[in-house]
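Commentary on secondary and tertiary structure
If you want the building blocks of each chain, they are given just below.
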Amino acid sequence: MKVFPKLRLKLKLRKREKVILAVGGAVALLIISYHLFQRYEDFNASAQNRSEAKALYLKKQVEKITEKDNIKAKLENAKKELTELERGLLSGDKPPVAAAELQKLLKEIAMSLNVEIKSERISTPIDMGPYLGIPVEIGFTAPTAKLKDMILRIETSPMLLTISALDVRVMNFKNPAEVYAVMTVKGFLRKQKTEKVGNAA
């Protein structure tokens, strides 16, 4: 009869062990789960940082490509504008040939206005970087209205021309409508690689 209490005691101990083991297992599981969760959080944060860094890098690359495309487009537009402007350059491979072309053009403008050129002189070419300025001086007598028309036609010519100097003298103070004008008109010529010019712009 005394054996039964011992069995009960063993059974109680086994129950306690089971409870302790269960509790220990649960605690161990919680600890493992916590560490796994921490590692997941760290990995997730690291992955997010890498993702943001890559996104920022890609954004910068896209901006560079876009900027490059914009620069390329601006360069193409500048080239087109330059090509269009250079259509107004004087032809010929030497300054004297270009000056002769400019003289002829000025005579044609004057003749269209019934203005007679009294004098003309070719000045020394002007160094303007990749171009040469070709100045031609002309002198003529004309009413002020025709002088105005002459200036307008030169400035609106398809050729790239500028009036760099203009000296106007009244021929008759009693009738100041008639004037004698000395005008320097400058055209432009693309400089040859071997071209050497004394004056600077």
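See the structure shown above.
Summarised in this report is the structure supplied together with it.

Parameters and conventions
- Residues numbered from 1 in each chain as written.
- Predicted model: local features only at pLDDT ≥ 70, side-chain atom pairs only at ≥ 80, totals over all residues.
- Heavy atoms only, no water.
- Helix = DSSP H or I, 4+ residues; strand = E, 2+ residues; numbered from the N terminus.
- Expected span 1.5 Å × (residues − 1).
- Buried < 20%, exposed > 50% of the residue type's maximum accessible area, 1.4 Å probe, protein only.
- Arc of directions from axis to C-beta.
- Contact = heavy atoms within 4.5 Å.
- Pairing = 2+ DSSP bridges.
- Core = buried A, V, L, I, M, F, W, Y, C linked by side-chain atoms within 4.5 Å.
- Polar contact = N/O pair within 3.5 Å; in protein donor to acceptor, adjacent residues only side chain to side chain.
- Salt bridge = Lys/Arg side-chain N within 4 Å of Asp/Glu carboxyl O.

Next up on the list: helix α3 (residues 144-155). Counted at 1.5 Å a residue, the expected span for α3 with its 12 residues is 16 Å, and the 17 Å between its end C-alpha atoms agrees. Restricting attention to buried positions, one finds in α3 the residues L147, M150 and I154. Buried residues in α3, looked at end-on, bunch into an arc of 55°, giving them a common side. In α3, those exposed residues whose orientation departs by more than 90 degrees from the buried face are K148 and E155. Where α3 is buried, its residues touch α2 (95-112), β3 (131-143), β4 (162-170) and β5 (178-190).

Below, the discussion takes up the pairing of β3. Of all the 13 residues making up β3, 10 are buried; the element is thus mostly covered by neighbouring parts of the structure. Here strand β2 (residues 126-128) folds back onto β3 in antiparallel fashion, the turn holding 2 residues, of which G129 has a positive phi close to 75°.

Core analysis: the biggest nonpolar cluster contains 27 residues, and I138, F140, M150, I154 and M183 have the highest contact counts within it. Listed by contribution, the elements that provide at least two residues to this core are α2, β3, α3 and β5. Ranked by the residues each element gives to this core, the list is headed by α2, at 7 residues. Contacts of M150, omitting those with residues within four sequence positions, involve L106, I109, A110, L113, I138, F140 and M183.

This next bit is on the side chain of S157. Along the chain, the position of S157 falls in the loop between α3 and β4. The class of S157 is buried, set by a relative accessible area of 13%. A distance of 3.1 Å separates a polar side-chain atom of S157 from the backbone nitrogen of M159.

Along an α-helix, a turn takes 3.6 residues, which lines up residues three or four apart on a common side. Taking 1.5 Å per residue, 18 residues should reach 26 Å; α2 reaches 26 Å between its end C-alpha atoms and fits that length. In this structure, the buried side of α2 is in contact with β1 (117-122), β3, α3 and β5. Taken from the residues just after α2, N114 is the one with a positive phi, measuring 60°.

The next thing to look at is the pattern of salt bridges. Pairing between side chains of opposite charge can happen when the charged atoms of each approach one another. This structure, assessed with the given rule, holds 4 salt bridges. E120 is the salt-bridge partner of K107, the closest N and O atoms lying 3.2 Å from each other. Taken as a pair, K107 in helix α2 and E120 in strand β1 lie far apart in primary sequence, 13 residues in all. The class of K107 is partly exposed, set by a relative accessible area of 37%.

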